[in-house]
Structure formats: structure tokens, C-alpha cells
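So you can see what is in the structure, the chains are spelled out below.
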Amino acid sequence: MYDFAYEKPSSLADAVASLKANLDSKALAGGQTFIPVLKQRLNKPSVVVDLAKLNLKGITVTPTTVTIGAMTTHGEIALSADIQKTLPALAHMASMIGDWQVRHRGTMGGSLANNDPSACYPSALLALDGTITTDRRTIKAEDFFQGMFTTALEDGELITSVSFPVPEKAAYTKFRNPASRYAMVGVFVAKFAAGVRVAITGASQSGVFRHTAFEHALSAHFAADAIKDIVTPANGLNSDIHASAPYRAHLIGVMTKRAVIEALS
Amino acid sequence: MGANAFGQSVTRREDFRLLTGRGRFTADLVPPGAAHAVMVRSPYAHAVIAGIDVAAAVSMPGVLAVVTGADLRAAGLGGITAGSALVKFPGTPADQDFLYRPGHPLLVHDRVRFVGDSVAMVVAETEAQASDAAEAIVVEYDVLPCVTDTKAAAAADAAQVWAAAPGNLCFAWQAGDSEAVRAAFARAAHVTTIEVVDTRIQVASLENRGAVGSFDGASGCYTLLTGSQMPHFLRDILADQVFGVAHDKIRVCVADVGGSFGIKNSLYPEQALVLHAAKLLGRDVAWVGSRSDGFVSDYQARDNVTTGSLALDAEGHFIGLRVHTIGAIGAYLAPKGQLSPTVNTPVLAGVYRFPCIHVAVDGVFSNTAPTEVYRGAGRPESVYLLERLVEQAAREIGVDAVEIRRRNLLGAEAWPYRTALGLLYDSGDFPGMLDAACAEADLAGFAARRASSEAAGRLRGSGLAQYCERVAGSWAESAWIEMGQDGRLVVLTGTMSNGQGHETAFAQLLSAQLGMDADMIDIVQGDTARIPSGAGTGGSASLGIGGAAIAEAGVDLVRKATPLAADALEAAEVDVAFHGGLFTVVGTDRAVGWDAVVSRIGPSGLQADGAYKPSNPTFPNGCHIAEVEVDPETGLWHVDRYTMVHDFGRVLNPMLLEGQLQGGVVQGIGQALCERVVHDGDGQVLTGSFMDYQIPRASDLPGLELVYRPTPSPANPLGVKGCGEAGNAGASPAVMNALADALWTRGVRRIDMPATPEMVWRALMSGP
Ligand SMILES: Cc1cc2nc3c(=O)[nH]c(=O)nc-3n(C[C@H](O)[C@H](O)[C@H](O)COP(=O)(O)OP(=O)(O)OC[C@H]3O[C@@H](n4cnc5c(N)ncnc54)[C@H](O)[C@@H]3O)c2cc1C
């Protein structure tokens, strides 16, 4: 770890000001991604701005929306009775992130800001057509993700909360990377009155994406059989030591089928 | 029967300190004021060092020294021993020797040969300062072609790691009777041949490596504090090979060790370099390796490609075995680098009657970290090949996998039995073991379980591995006991626990033998200045040899105490006999206990010692049966049931035994399921962290059924056989046989370790 200055402001305005004032400053949420990066000397921030005292934690649930503060941990989301009742797919997703130690520290805001191509939440945000609120604006999911580890956030812009419309039915299925347990292929299926949205994470070189062929078929007929003849092309998918692109393409089909079955059960 | 009697599950005296954060590992013992060292490692798999510029680094804040390979040459320091002599078995040509034998340099000065090779060491006031300076060292590399894959390294067109080793050949070794094997194959009714891959393993002990060096100018004595299995072995290499000083000028101290499995067995560059730097600077120097360091610089293990052929007669009897292994040595020959592929090949005879065996091993260099011994050190590899071969043969000739074994098992009536590679089996009940395992695993119920898996769209397979190891026969160990006026026993042993629980086991052993409270017994290990000699811990030998030596020392203590007891009893020494903690006048009920002895001990205490050198090894054996279930849609599979029936001779402490078995089985399953080091085409290590190197997790594992079926070993006075590695030996073949069985039904004819989900899926896709 390189030396850096550490700040823990108690207002959002101070945090944003500090990030703006210092070149190479970085926000710190749960630290589950950022601290390992620091320890390996892969990042050399001048100032680390801890978001812990900004009151960005909290879960608000209405019959039509779930709103989650950026600093809410995966553990809090997984265990929230309100989310388990209204949007159980999201609670289930949170319960499958890392282990308890990670879930007690890692936050939804940190995960979305990081936009790791293998992270889980991006698929929920995209499939549910959620909205990100920052210190200065709101951003639709569609506009937020801009390729792996890249988002629409400006320098020093902080996510404050995320809101999700409540679907009729939804499910998340995750084929874990056998080593890291991140998503090697994760599929979030959400059925709304207006149609079905399917978002795939873990698989693509350009991060989370919507599977439009599946969406059309499932919007016409929401059943596992509806997609059985649709072949997902392997080009553009990741190949690494854990899974080749053709294998990931195959898993996208299997895991989507399972997500539909789960959403219907 | 007392609480510490032989056979009781005495709880571990180590656990209170280890479970409450009071363990003392190397990194916990860095003295205040020590300087900190950081290594500069090669980022290339193969390159000429065109220049090293340390000018910027040496003047950075806090920097005390930068040491390079050129500096070491100038200082006249040696390198790390390159292997020991190649073993000779029946059929090994008398003149067989290494073709090339390069030692592991402490720091490379001319050419790096693997990613992680040591290029320089920086010492500074703090670790951060040392890291900053390490980044400022500019090394100019001219990159060369490299090879990391073992089979590719043996191929004709491979990049050459050493100019002096054409074909990358370190040695070409053989044993057994090639003529007899040729004849057997000529008359065979059926020959089964398979090629198996034992992937390269990152040992990944919980505690990373570390070393603290000190130098005392007045006495000229170096002290190394480090994690190790073999403190005296390290002392000897440091004295003889590196520094060229007398043995008593090197002291090696070992505190708690957080797992080793072979990897903290031999000397590493950092252990010598902290001593050199301590002398240079006149202060303590600590190097504490990170996990990232370990992934590129720990010795690695396994990494063989083996072809085995089994000749059978028309009745399915084994009539000959032929084995050829290409074994990865790595870039340098590590101190025990040649052992695993060669020295344990006699285990290839297994539990069967084999008239003849021939084994040939090519040790090949590649641009990879040197390989070293790892849990089993060649035994798991041999068992893996043999037991996969046996089940493949059974399927090919249409005989049940249990039945084919029954036709070939050695029975107890054969003891003593000389195997084709020269072992003298002395005990065990192999047929009874097989029957018991089949019953315990409920093989009879397998068909029904398979049917219900298939009804759910899953495949199920059953696999078996029966093995006979050979351990605890290679060296001698000594022990010393001091009994003080307070009645406490201080026991010095040259073995070295790395988590097994030796303090508990040895205290239990003596407590039972001497009828003395275990709390009165202190076990001292890990200090070459205090303990005169030690072979160390390895090869499942600590109880069978080290424990036997302690028991002998216990006998000597009784001998030394008897005159004092006789004095208390006012009897002649010859009339006093010891039993169950009491010295008794033979033929009377007059007896005294240890308190009478203790009250007569003079200020210099009572000194006793003992030694033990086995004349024959022990033969731990067992039978593992695994059942796996496969999801054919994704290739994901898991071990659903696991049974291990075992014979480790007499059992001192069942709880410690089961700990060893569980760990061993899990490491074996790990190889089958997931563990492998992967390099890319440039020789970069792609498995550089646990994000990519997968070790098995608790949630990947079934409950393990462990069943005792002991037959005492005649090879040592305790009757024990050694259990440290056997779990590993049986697990990989049992699990892979089960997976092969599941996939066979779908036409899959080959599956290798580690069977990742994608590999299983691909195998199923390419089936008929
Ligand atoms: C062992 C392990 C397993 C894991 N498994 C999974 C998994 O299965 N699935 C999964 O999805 N994730 C997984 N993760 C990642 C985990 O979810 C992280 O918590 C998450 O990716 C980052 O969240 P954080 O709160 O820890 O953010 P930090 O690490 O603190 O920050 C990450 C980045 O986001 C920025 N940032 C943080 N908060 C904000 C904000 N409010 N506004 C703007 N920028 C911000 C930071 O500056 C930094 O660049 C795993 C992590 C570990 C260590």
C-alpha cells in the first residue's frame, strides 16, 4: 500500500468537495474491492474519502419501488424482510455475494460504481430498469453501464441511492466462477406488465448486457421452453482459464432457463 | 484406562493458543527494530539480465541495502543444494545419474528462468520503504523463448531452459525388470493403457513463508527464525552449501508453523538472504512473504504426465505393469526436487500381486518454479495412475471394478511379500479391507441411487481406490528427556510439528508409557542449538520414528530412575520393576511412584535419551470409495458420498488421526476437482491469487465416513504406520474413478484432473 491521506467527512457536500479538490482522490465504501487493490499497490490515491459517515444507508420499500441507500451492505439487503417480501430475487442475489465477511462490508453503491464485469448487482439494475441517484443527478441503468469497470459517473460523483421498480416476477441465477465465486454467468430475469427484461453479467467482454433475443421470446411467452431454440453467439464473450466463450454462451441459455423456472415457481 | 492412554482422543494442547490468536508464527516474532526486506522478482519466464540499475533505489528514504546476484558472487556465497542422489531400486542401472543438476541460486545474476525468480533483495527501515525502493530498481531484460508445459518441455522443438541440458532433460531414471515386462505384455490377453495428468499444485499453506535473520558478530553465529518442517536440514544446507561455516555457527529456530505439506521443507533464497543481510547490516532483518509472493515463488508440486499400461491374462489377472512419467523439475533442481517422481514409485505395486513392473521417469526442466515434495511426494501420483488404470481395465474387459481387484489382491498369507520394486510387505488385510469398504459405502445401494439421480437428470458414478503406502522407513530420529527436581519432563525432539499436534501426541505417548500426568510433560522442538539432531517431519514418519525414539527415551528414563526408586524402596535395583507409573519390588505389593524418584533427583536432574532407526518401513493402507453426481447440462459436479476404511496400525489419538485424514482427503479431492497452476504462453502465472487458483471449500465437500480397520505394524515398537499423507493418496483416484464411471455411461473415455465444469461439459459434448 502506498501512503495516502484519509478523510471521513460527515456531509455529502464535504465529501464531494474533497473529491473535487484533490486530484487522484478516491471514495471508500466497504473496501472489499478497493482495499485489496490498494494493498497490491495497483492504485495510488492522494486522498481516500471514506463515505461511512454520510448517512447513505437505508432501505425504503413501497408496493411499486425498492430504494436502497448506496452504503447499504449486501448483508443488510440479503436479510431485509421488506426486500425478501417485495423483491426476493434481489435479496437472494445479495445473499450469494462473497461470504459473510464480504457481505457485512461490501455495499451496493460500491459494487455498482465499480462495475466489475463479474459483479451481480449490475444485472439486477439493468433487468429491473432501475435508476441511480447521485449527488447531482439521476441516471437510468441503460445509460449507467459503459463497458467493464466503466460507468457514467463523473470524476468525484457519488452514488447516493438506487431504486428499482417492483416487477411481477423476477429471479437471479448465478453460475459461480469456481475460484472467485463471482458470477461466471449470472442471469437476472424480470417480468413486468410491459414485457420481460433479461440481463446477463459475468459473461461479456463489455460488461453487463441485455439479451434481447431472450427478452422477445419470453415477452411473448414466459416459460422456459420459449428460449430453448435460441442460440447465444459466443463472439464478444469472455474466455479465461475458467470458461471459454462457447461454454459461457451455453451457460447463458441454461442459467436463463433456470431463472425463468425459478421466477415462475 | 487413563485419559491419556494410547487410543484416547486427547484434545490438542496447541489449540488454546492457536484458536485464541496467541499462536507465534514467524511474522508474529519479528523483533522490534528489525529491518525489512522485499524481493525483486523476475516478471519474465526466461530472459537474460542485461543490466541491473540500483542507483536510484539505494539513495531512497530508509534504504539500508540492496543485494544483487553479483554482490553474492563477490561475497562468495553458495546456492541451494541441487537435489540428492537418484535413488536405486532393483533394475536401476548402477551408473544412473543426473544429466544436469543446476542448483537454485539465491539471486540470479545472469539469466532468469521463471516468473518469480529472485533478482534482488532490498532492505529498508520499513516494509513500505523497501517496497518503494524495489520499484525503483531497473532491470533490463532480453526476453527469451520459454516453455512451461511439462509435455511440451520434453518435446523436440521446445525452448531450452539450460544450454547444458539438451532436451530439457535433468535425468532419465528407471527401475524394475524391463525384460520380464516385455515378455508379459507379449503374452497378455488384454492390455489397457492410459495417460494421466497430475496438474501442478500451489500448496497454499495458511501461513505464508517468512524468515528473520540475526547475526552475532562476537560469536560469528547466524540465527534464522522461520517456518520449517526440518530445522536441522536447513541448518546443514546453510552451513555446508551457502555460508561454508561449521554447523554450530548456524542456529535455526522454528515456532508455530501454519501448515507446510512439504513446502516449508527445503531451503529458499529468502531464508539465506536475511542472514546475509543481517551480517552485512549488523541488525536483524525480516522478510515476511505475501500471498502474492507465494504464488510465484513457493516451490510447487506434482506436475507430471504419466502413461501406464497394464497387461492382463485371460482371467483378468495382472501380469505386468509398465509406467513412463514425464515429471516437471521446474527451472532449478530443488533440494528434494527429484524425489517425488522417483523415490516413491514402489507404491505402484499397490495392493496387488504383480509379477513384474517397469517404471521410467524423465525429469524435465521448464520455465516454472521448482517442484518439491508435497503431501505424499509421489505416492498419491503412483496410486492415482495405478487405480485409474485398474478401473479402466475393468471397464474395458467388462469385469466389475471390485471383482477385478479381488482377483489380484494380495492376501495376508503372502506376508512377508517382496514386491516387484523391492518392498517387503509385512502386514495388512487387503481383501478384508475391500469387503469392509464396499459394505460401509453401501455399494449394494448404488444402483438405486444412480437411478434416482438419473430420474432427476443427473449422472452418478462410483469409484474406488485401494492403496498401500510405504512410509516411515528412511531415517533415524533421536529424543532426549530431562527430568528436573520439580518432576517436570522436558522432551527434546528433532521432529517439527507444522500443525499436526505433535506436542499433544508426544505428551500423550509418554504420559501413557510412564503413568505420569501429561501436564507435567513439555515437548520442545524447533531449535537446532538446543536439540542436538533431527531428521525433521516428513513422510508420515513423526510418530513411527520420532515417537518411537521418544518411547525409547522413556524406557531409558525408567532405567535411570530405577536406582532412585530402589533407594526409596530400600530394595536392590534388580528387584524393582516398573509398570503403570509404579516402581514395585517384584513379588511384593511394595511400590513407589514418580514422586519418590523426583524427591531424590539431584540438582542436575535426570537425563535420558533414546533413538530409533527402523529396519523396514511401514505400510499404511486403505480403501476409499467415492460417489459423485454430475449435472450434465452445465458440467458441474460434486462428491456426494465418501468412505475411507483405513489401516494405520495402532492408533495413538483418533482425533489427531482423523484431522490428518480429513485434510489429506480434501487435498486429494482438491486436485480432482479444481487445483491447478496455469501459465500463459509467455510463462506468466495466471493463477496468481485465490481469485483464480481454486482450493476446495468446506461447502464443496461431503461428510467423510472414516472407518478403522487396523493391523499393527511390526516395523516399530509402537505398532503405528503413519497417517499424514494417505488421505491424499486415495482421494484423487477414488473421486476421478467415480467421475469417469459417471461419464462412461455417456460415452466419455477420458477425463483428467482437475475436472473443471467446462472440461466435464466438453467431454460430454464430444461423447458419441
Ligand atoms: C471474496 C470476495 C468475493 C466477492 N464476491 C462477489 C460476488 O460474488 N458478486 C459481486 O457482485 N461482488 C462480489 N465481491 C465484490 C463485493 O461485492 C464488493 O463489495 C463490491 O464490488 C464493492 O463494494 P464496496 O462497498 O466494498 O466498495 P469499495 O471497494 O470501497 O469501492 C469500490 C469502488 O467503488 C467506488 N465507490 C464506492 N462507493 C461509491 C459511491 N457511493 N459512489 C461512487 N463511487 C463509489 C470506490 O471509489 C472504488 O473505486 C466480492 C468481494 C470479495 C472480497
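Residues numbered from 1 in each chain as written. Chains lettered and ligands numbered in written order. Predicted model: local features only at pLDDT ≥ 70, side-chain atom pairs only at ≥ 80, totals over all residues. Heavy atoms only, no water.

1. Things to note about the nonpolar core
Residue and element names in this part refer to chain B. Condition: We call a set of buried residues a nonpolar core when its members are Ala, Val, Leu, Ile, Met, Phe, Trp, Tyr or Cys and they connect through side-chain atoms within 4.5 Å of each other. Relative accessibility under 20% of the residue-type maximum defines a buried residue, over 50% an exposed one, and the middle range a partly exposed one, all with a 1.4 Å probe and only protein chains included. Strands here are runs of E lasting at least two residues and helices are runs of H or I lasting at least four, both read from the DSSP assignment and numbered beginning at the N terminus.
Judged by nonpolar contacts, the single largest core of 132 residues is most densely connected at Y425, W637, Y642 and L739. Considering every element that reaches this core, the biggest residue donor is helix α19 (residues 726-744), with 11 residues. The next biggest cluster of nonpolar side chains, apart from the first, holds 51 residues, and it includes V67, L72, A239 and L273.

2. Some remarks on the domain arrangement of chain A
Residue and element names in this part refer to chain A. As a reminder of what qualifies: Reported domain spans reflect what an automatic or database domain assignment gives. Any two residues having at least one pair of non-hydrogen atoms within 4.5 Å are treated as being in contact. Buried area, as used here, totals the accessible surface that two parts lose on assembly, with accessibility defined by a 1.4 Å probe and the loss added over both. By convention in these notes, a salt bridge is any Lys or Arg side-chain nitrogen within 4 Å of a carboxyl oxygen on Asp or Glu. Polar contacts, as counted here, are pairs of nitrogen or oxygen atoms within 3.5 Å of one another; within protein the pair requires one atom able to donate a hydrogen and one able to accept it, and residues that are adjacent in sequence qualify only if both atoms are side-chain atoms. Each residue is assigned to one of three groups, with Ala, Val, Leu, Ile, Met, Phe, Trp, Tyr, Cys and Pro labelled nonpolar, Asp, Glu, Lys and Arg labelled charged, and all others, Gly among them, labelled polar.
By domain assignment, chain A separates into domain 1 (5-50) and domain 2 (59-264). Listed by partner, the interface residues are nine residues for domain 1 and 14 residues for domain 2. Buried area between domain 1 and domain 2, summed over both chains or domains, comes out near 890 Å², and the portion from carbon and sulfur atoms is 70%. It is L12, A29 and Q32 in domain 1 that bury the most area against domain 2; as a group they hold 45% of the surface buried on that side. For the pair domain 1 and domain 2, the number of links is zero salt bridges. For the interface between domain 1 and domain 2, the tally reads zero residue pairs in polar contact (both at pLDDT 80 or more). With four residues, helix α1 (residues 12-21) is the largest single contributor of residues to the side of domain 1 that touches domain 2. When the residues that make up the side of domain 1 that touches domain 2 are grouped by side-chain class, the tally is six nonpolar, three polar and no charged.

3. A look at the confidence of the model for chain B
Basically, it comes down to this: A residue's pLDDT is the confidence the predictor assigns to it, expressed on a 0 to 100 scale.
Confidence in the prediction for chain B averages 96 pLDDT; 99% of positions are at 70 or higher. Under the prediction, the complex receives an ipTM of 0.96, its pTM being 0.96.

4. Details of helix α11 (residues 245-264) of chain A
Convention followed: The span one expects for a helix is its residue count, reduced by one, times 1.5 Å.
With 20 residues, α11(A) extends 29 Å between its outermost C-alpha atoms, agreeing within 8% with the 28 Å of an ideal straight helix rising 1.5 Å per residue. Those residues of α11(A) lying buried are A:A245, A:Y247, A:R248, A:A249, A:L251, A:I252, A:V254, A:M255, A:T256, A:A259, A:V260 and A:A263. Contacts from the buried residues of α11(A) go to β9 (169-176), β10 (183-192), β11 (195-201), β12 (209-210) and α10 (212-220) of chain A together with α20 (757-766) of chain B.

5. Some remarks on the packing of aromatic side chains
Residue and element names in this part refer to chain B. Quick reminder of the rule: Whether two aromatic rings pair depends on their centres lying within 6.5 Å, for rings of Phe, Tyr and Trp, where Trp uses its six-membered ring; planes under 30 degrees apart make the pair stacked, over 60 edge-to-face, and the rest tilted. Here, a charge over a ring is recorded when the distance from Lys NZ or Arg CZ to the ring centre is within 6 Å and its angle to the ring normal is within 35 degrees.
Counted according to the given criterion, the structure contains 27 aromatic pairs over all chains. Judged by centre distance (5.9 Å) and plane angle (80 degrees), the rings of F98 and F171 are edge-to-face. One end of the pair, F98, is in the loop between α3 (69-75) and β4 (111-112); the other, F171, is in strand β7 (residues 169-176), with 73 residues separating them in the sequence. F98 gets classed as buried once you look at its relative accessible area, which sits at 10%. Given the relative accessible area of 0%, F171 is considered buried. Ring pairs connect the aromatic residues Y100, F114, W162, Y332 and F365, which therefore count as one cluster. For R322, the ring lying beneath its charged end belongs to F185, and the centroid distance is 4.4 Å. Above the ring of W744, the side-chain terminus of R749 is found at 3.6 Å from the ring centroid.

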